[in-house]
Amino acid sequence: MAELQFREAIRDAIDEEMALDDGVFVMGEEVAEYNGAYKATEGLLDKYGFRRMIDTPISELGFAGIGVGAAMNGLRPVIEFMTFNFAVLAADQIINHASKVRYMLGGQVQVPIVFRGPNGSAGQLGATHSVAYDSMYAHFPGLKVIQPSEPDDAKGLLKSAIRDNNPVIFMESEQMYGLKGEVSEEEDYLIPIGKAKIKREGSDVTVVTHGKMYHVSKQAAAQLEKEGVEVELIDLRTIKPLDIGTVIESVKKTNRCVVVDEAHPFGGVAAEVGYLIHRDAFDYLDAPVARVTLPDVNAPFAKNLFDIWLPDAKNVIDAVNTVTYRK
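Parameters and conventions
Residues numbered from 1 in each chain as written. Predicted model: local features only at pLDDT ≥ 70, side-chain atom pairs only at ≥ 80, totals over all residues. Heavy atoms only, no water. Salt bridge = Lys/Arg side-chain N within 4 Å of Asp/Glu carboxyl O. Helix = DSSP H or I, 4+ residues; strand = E, 2+ residues; numbered from the N terminus. Domains from an automatic or database assignment. Buried area = accessible area lost by both parts, 1.4 Å probe. Polar contact = N/O pair within 3.5 Å; in protein donor to acceptor, adjacent residues only side chain to side chain. Phe/Tyr/Trp six-rings, centres within 6.5 Å; stacked < 30°, edge-to-face > 60°. Lys NZ or Arg CZ within 6 Å of the ring centre and 35° of its normal. Pairing = 2+ DSSP bridges. Axes fitted to C-alpha atoms, helices over the stretch in contact; angles between N-to-C directions. Contact = heavy atoms within 4.5 Å.

It is worth spelling out the pattern of salt bridges at this point. Side chains carrying opposite charge are able to pair once their charged atoms draw close together. Counted by the stated rule, this structure contains 27 salt bridges. Across the pair Asp 22 and Arg 52 runs a salt bridge whose closest N-O atoms are separated by 3.8 Å. In this pair, Asp 22 sits in the loop between α1 (6-20) and β2 (24-28) while Arg 52 sits in the loop between α2 (44-48) and β3 (53-55), placing the two residues 30 residues apart along the sequence.

Take a look at the structure:
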């Protein structure tokens, strides 16, 4: 195992796949000469040149469309968005074209493309830069949606995403690029898409989460352990396809569940996971599934309001106390 920053794990995954396959190239704003807006592509221009590391104008719709066309013609583009808040401008190419081409052409044409970049809030950047789009993209058939929480998952899942013959939305967190963690040094390290991981064993309550909220939930679990509550912590890692089986088996053991999601409550990942648990494990529940989400209001800019708006460990602890009848 080697300790890497999140950004380094991303870079290593792209580097390895570019070395293995000449059809893999990177396109986006500042990915080449500037080494990436968050330095996730640092050094790749020197290794692969301008033909495969392509800086673009600020035109998400334009370079996303180029990527979709390239993928349809047999290449494997990795399209970087400076943030998925800006990728809304490219939603037509992602939702109306990348996700549907294979279906509409009866499987004759594949679209092996990865759209990657930061998702969700990144501190005091205002309402237009603080939206979590994972549930939106997961709504559409034909798209796979991944949001890793640790460097090891980021590397193994990104390599799998680049090799996948379907369009993959690979979502990161701007606040996690400097996060350090152990990363496997296994040669050609791959993690299968669509498999959640139990990252903490427990017997009292299941907490289901992903992305940045995994670390919030991890803090809550550590505090609850001091209070005698054993949390089983599940990191979904992949939103679509969703590994609900791992969640259901955990709920059958603990009989209680809290879902933590960095998104608004209506129609989010927490809503879908909660429904599936009630559908498939209702008879095992000793309490209704609780969820921790953003409030149904846009992100405030003021720090004191932002800190209230974004879920924290206390919110998770309060939800666990509710389903365990400790409050």
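What follows picks up the thread again.
A separate point is the domain arrangement of the protein. Parsing the protein into structural domains produces domain 1 (2-183) and domain 2 (197-323). Using C-alpha coordinates to define each centre, domain 1 is positioned 26 Å away from domain 2. Roughly 2,100 Å² is buried in total at the junction of domain 1 and domain 2, and carbon and sulfur atoms are behind 53% of that figure. Looking at the side of domain 1 facing domain 2, the largest losses of area belong to Gln 124, Gln 147 and Ser 149, adding up to 25% of the total buried there. At the boundary of domain 1 with domain 2, the tally comes to three salt bridges. Among the ionic pairs, Glu 150 bridges to Lys 199, the shortest N-O distance being 2.8 Å. Where domain 1 touches domain 2, the interface holds 15 residue pairs in polar contact (both at pLDDT 80 or more). Those elements that provide at least two residues to the side of domain 1 that touches domain 2 are α6 (134-138), β6 (144-146) and α7 (151-163).

Take the packing of aromatic side chains next. As enumerated under the stated definition, the model contains seven aromatic pairs in all. Taking the centre distance of 5.9 Å and the plane angle of 35 degrees together, the rings of Phe 63 and Phe 81 count as tilted. Here Phe 63, found in helix α3 (residues 60-72), pairs with Phe 81, found in the loop between β4 (76-80) and α4 (91-98); they are 18 residues apart in sequence, far enough to count as distant. Site record: aromatic cluster; members linked through ring pairs are Phe 63, Phe 81, Phe 84, Phe 115 and Tyr 137. Directly above the ring of Tyr 34 sits Lys 39, whose terminal nitrogen or CZ lies 3.7 Å from the centroid. Note that Lys 199 overlies the ring of Tyr 214, its terminal NZ or CZ placed 4.8 Å from the centroid.

Below, the discussion takes up the environment of Lys 47. For Lys 47, the position within the fold is in helix α2. When the C-alpha positions of Lys 47 and Met 18 are compared, they lie 9.8 Å apart, and in sequence the two are 29 residues distant.

Pairing in this open sheet of five strands is mixed, and the strands run β9-β11-β10-β13-β14 from one edge to the other. Edge strands, defined here as strands with exactly one partner in the open sheet, are β9 (197-200) and β14 (290-292). Taking the axes of each pair of neighbouring strands and ignoring which way they run, one obtains an average angle of 25 degrees across the sheet. Relative to strand β11 (residues 231-235), β9 runs antiparallel, the two sharing three bridges. Residue pairing in the sheet places Arg 200 in a bridge with Leu 233 of β11.

Attention now goes to the sheet that holds strand β7 (residues 168-172). Spatially, seven strands are ordered β3-β2-β4-β5-β7-β6-β12 in an open sheet, and the strand pairing comes out mixed. The two strands at the open ends of the sheet, each matched to only one other strand, are β3 and β12 (238-240). Averaged over all adjacent pairs, the angle separating strand axes in this sheet is 20 degrees, with direction ignored. Relative to β7, β6 runs parallel, the two sharing three bridges. Each bridged residue has a counterpart across the sheet, and for Ile 146 the counterpart in β7 is Phe 170. In the packing of α3 onto the sheet, contacts are made with β2, β4 and β5 (114-118), and the angle to β4 comes to roughly 165 degrees. Seen against the sheet, α7 touches β2, β4, β5, β6, β7 and β12 and runs at an angle of roughly 160 degrees to β7.

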